[in-house]
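Notes for the structure review
So you can see what is in the structure, the chains are spelled out below.
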Amino acid sequence: MSGRKMKFHFLTTHLLILFITVISSAADPVALMTTPDGGIQPKALTDPAGTTHLLYYKGESGGGDLVHATKARDATEFTAAKRVNSQRRSAVSAGTIRGGQFALGKENRVHVVWNGAGATKENHPPLYYSRSDGSGFEPQRAMSGDWTMDGGGAVAADKTGNVYVFYHGGRKGGGHHGGESSRRVIVRVSHDDGATFASEQIISPEGLGVCGCCAMQAYADAQGRVFAIYRTASNGGKDRDIGCLFSADKGATWQHSIADKWSIAACPMSSMSIATAAGRVCFSWENNGKILLGQWDDSAGKIANVM
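Read on for an overview of the structure. Numbering of residues starts from 1 in every chain and runs along the sequence as written. Two thresholds apply to this predicted model, a pLDDT of at least 70 for residue-level local features and 80 or more for giving and counting side-chain atom pairs, whereas whole-chain, interface and lining totals are computed over all residues. Working from all heavy atoms in the structure, the side-chain values ignore hydrogens and water.

1. Details of the overall build of the protein chain
Using the following cut-off: Each helix corresponds to a stretch of at least 4 residues labelled H or I by DSSP, and each strand to a stretch of at least 2 residues labelled E; elements are numbered beginning at the N terminus. By the convention used here, residues are in contact when the closest approach between their heavy atoms is within 4.5 Å. Only the protein chains shown count as cover for residues, with accessible areas throughout obtained via the Shrake-Rupley method and a probe of 1.4 Å.
Helices and strands together make up the secondary structure of the protein chain, namely one helix and 23 strands. When contacts within the protein chain are restricted to residue pairs at least 6 apart in sequence, those whose partners lie at least 24 apart make up 51%. In the form shown here, the protein chain has an accessible surface area of approximately 12,700 Å², with 50% of it arising from carbon and sulfur atoms.

Listed below in structure tokens is the structure:
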């Protein structure tokens, strides 16, 4: 998503909206809009034709629905609202971190992931996935196998039909969070526009851990590059650093780097953002009450220029 194409803000506290504000051109006009139907947790993407795609949540925090709507470039209202989840009230918005995430792929197909509703200490529903099919959305599919989900997953898609679903978790039987130090980041890759997905790949380093309640973000481009950022839980959970996973070959292999360090012996339950501006891949995250920005450095193979 290009920040330079974003023409409005939604009434939301989500970090992504702040990030878009930071990287947008100063000349871009900004209009304040409310989410249709009283929806919450809105997320917006703009396709090459200038159509805005909006994903938002409706219902109780522990069990509701995800809705997708569109607005043409010159339109004043959103139209064609469609429920994403095929099983009613099977999405969750608790804590904002576990809300839906989406990406636009080949021919602007919409790909959505979300945490399932009904979590207890003994039971954590899977991460679900669905994609648009022209008239609405396909039946939802469970993606996370026997991994114990907690924080939010992420999805990325490119214009050539590659789709990447990310989540983090621990194996069942490992406690409420599966033991944060043993949690890993997992990806499932599709090369047929989300029709089928390969088996899970564990792509984060063993022993580094994953912060159980924090979100992830991901982005894929037409050159076969894929990026994902998440928060670690190393040093017995005392360090909650920002980890970056990068693939240059459409998810076949992955490399890992640390973009930022934060020593805090607790889960900050925070979100991240990735966006593009003027050909740059830009990242944003929280550290001790501050919002930090960085951009991808191809020569170094990591996030650089953090400020």
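That covers the picture; the talk isn't over yet.
2. With respect to the pattern of salt bridges
Rules: Only one rule defines a salt bridge in this text: a Lys or Arg side-chain nitrogen within 4 Å of an Asp or Glu carboxyl oxygen. Relative accessibility thresholds used throughout: buried, under 20% of the residue-type maximum; exposed, over 50%; partly exposed, between the two (1.4 Å probe, protein chains only).
The final tally for this structure, using the stated rule, is eight salt bridges. Arginine 240 is the salt-bridge partner of glutamate 180, the closest N and O atoms lying 3.0 Å from each other. A residue pair is termed long-range when its members are at least 10 positions apart, and glutamate 180 in the loop between strand 13 (163–171) and strand 14 (184–190) and arginine 240 in the loop between strand 17 (226–231) and strand 18 (242–247) qualify at 60 residues. Per residue, the accessibility class of glutamate 180 equals that of arginine 240, and both read buried. Each of Arg131, Glu138 and Arg141 takes part in a single network of salt bridges with overlapping partners.

3. Quick look at the sheet that holds strand 18
Our working definition: At least two DSSP bridges between two strands are required for those strands to pair. With axes taken as lines fitted to C-alpha atoms, and helix axes fitted only over the stretch in contact, angles between N-to-C directions fall between 0 and 180 degrees.
Pairing in this open sheet of four strands is antiparallel, and the strands run 16-17-18-19 from one edge to the other. Every interior strand has two partners, whereas the edge strands, strand 16 (217–220) and strand 19 (255–260), have only one. Taking each pair of neighbouring strands and ignoring which way they run, the sheet shows an average axis angle of 20°. Sheet analysis places strand 18 next to strand 19, joined by five bridges and oriented antiparallel. The partner of isoleucine 242 across the bridge, within strand 19, is aspartate 260.

4. With respect to the environment of threonine 51
By the secondary structure assignment, threonine 51 is in the loop between strand 3 (40–46) and strand 4 (52–60). Taking the C-alpha atoms as reference, threonine 51 lies 5.2 Å from arginine 73; in sequence the two are 22 residues apart. Leaving out residues up to four positions away in the same chain, threonine 51 has contacts with Leu45, Thr46, Thr70, Lys71, Ala72 and Arg73.

5. Brief notes about the nonpolar core
How we decide: In this description, a nonpolar core means a group of buried Ala, Val, Leu, Ile, Met, Phe, Trp, Tyr and Cys residues linked to one another through side-chain atoms lying within 4.5 Å.
Formed by 18 residues in total, the largest nonpolar core has its most connected members in Tyr164 and Phe166. When residues no more than four places from it in sequence are discounted, the contact partners of tyrosine 164 are Ala154, Val155, Ala156, Asp158, Val187, Arg188, Val189, Ala220, Val226, Lys250 and Gly251. If you look at the next biggest cluster of nonpolar residues, it comprises 15 residues, including Cys244, Phe283, Trp285 and Leu292.

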